[in-house]
Amino acid sequence: MNGKCPKCNNIVTKLQGHTVNIVSPNGTWVGATFSCPHCSAVLGAGIDPIALKDAVVSETSAPLVAEIQNLQAAVQHLASQLARR
Ligand SMILES: [Zn+2]
């Protein structure tokens, strides 16, 4: 059973998502509002899940990329030493 919009009373079967900035004393985050498709009343808001996923992937992958680059440099160094023999 689908719920009704509290403003326009239409049955809501999908929501419209919009990107918004969430400003707090600790910083700004990418957020999303979820609106009624009939009257655009905001029915909910929260952290943008896609922006959150992208931020987590970026923060966790950066150290791994740096470590892979260090390992590649070490392998190239060893390979050049072996080539001299
Ligand atoms: Zn509505």
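Our subject is the structure that appears above.
Residues numbered from 1 in each chain as written. Predicted model: local features only at pLDDT ≥ 70, side-chain atom pairs only at ≥ 80, totals over all residues.

Trainee: I'd like a rundown of the environment of Thr60, residues and numbers included.
Mentor: Take Thr60: it is sitting in helix α1 (residues 49-84). Look at Thr60 and you get exposed, because 9 C-beta atoms sit within 10 Å. For Thr60 and Cys36, which are 24 residues apart along the polypeptide, the C-alpha to C-alpha distance reads 35 Å. (Helix = DSSP H or I, 4+ residues; strand = E, 2+ residues; numbered from the N terminus. Buried ≥ 20, exposed ≤ 12 C-beta atoms within 10 Å, placed from the backbone.)

Trainee: A description of α1 should follow, citing residues and the corresponding values.
Mentor: End to end, α1 covers 53 Å across 36 residues, agreeing with the expected 52 Å (1.5 Å per residue, within 8%). Along its length, α1 reaches its greatest deviation from straightness, about 30 degrees, at Ser61, and the proline Pro63 lies no more than four positions downstream. With 0 of 36 residues buried, α1 is to be regarded as a mostly surface element. (Expected span 1.5 Å × (residues − 1). Bend = angle between axes of the 7 residues up to and from the residue.)

Trainee: Which residues make up the pairing of strand β2 (residues 27-35), and what values go with them?
Mentor: Across 9 bridges, strand β1 (residues 16-24) lies against β2 in antiparallel orientation. Looking at β2, one finds that Val20 is bridged to Gly31. Once β1 ends, the chain turns through 2 residues before running back antiparallel as β2. (Pairing = 2+ DSSP bridges.)

Trainee: Account for unusual backbone geometry, naming residues and giving values.
Mentor: Of note, the phi angle at Asn9 is positive, near 70 degrees, even though the residue is not glycine. Note that Asn9 resides in the segment before β1. Note on Asn9: 9 C-beta atoms within 10 Å, which makes it exposed. The phi torsion at Ser40 lies on the positive side, around 70 degrees, for a residue other than glycine. Take Ser40: it is sitting in the loop between β2 and β3 (42-47). Judged by local crowding, Ser40 falls into the partly exposed class, with 14 C-beta atoms found within 10 Å.

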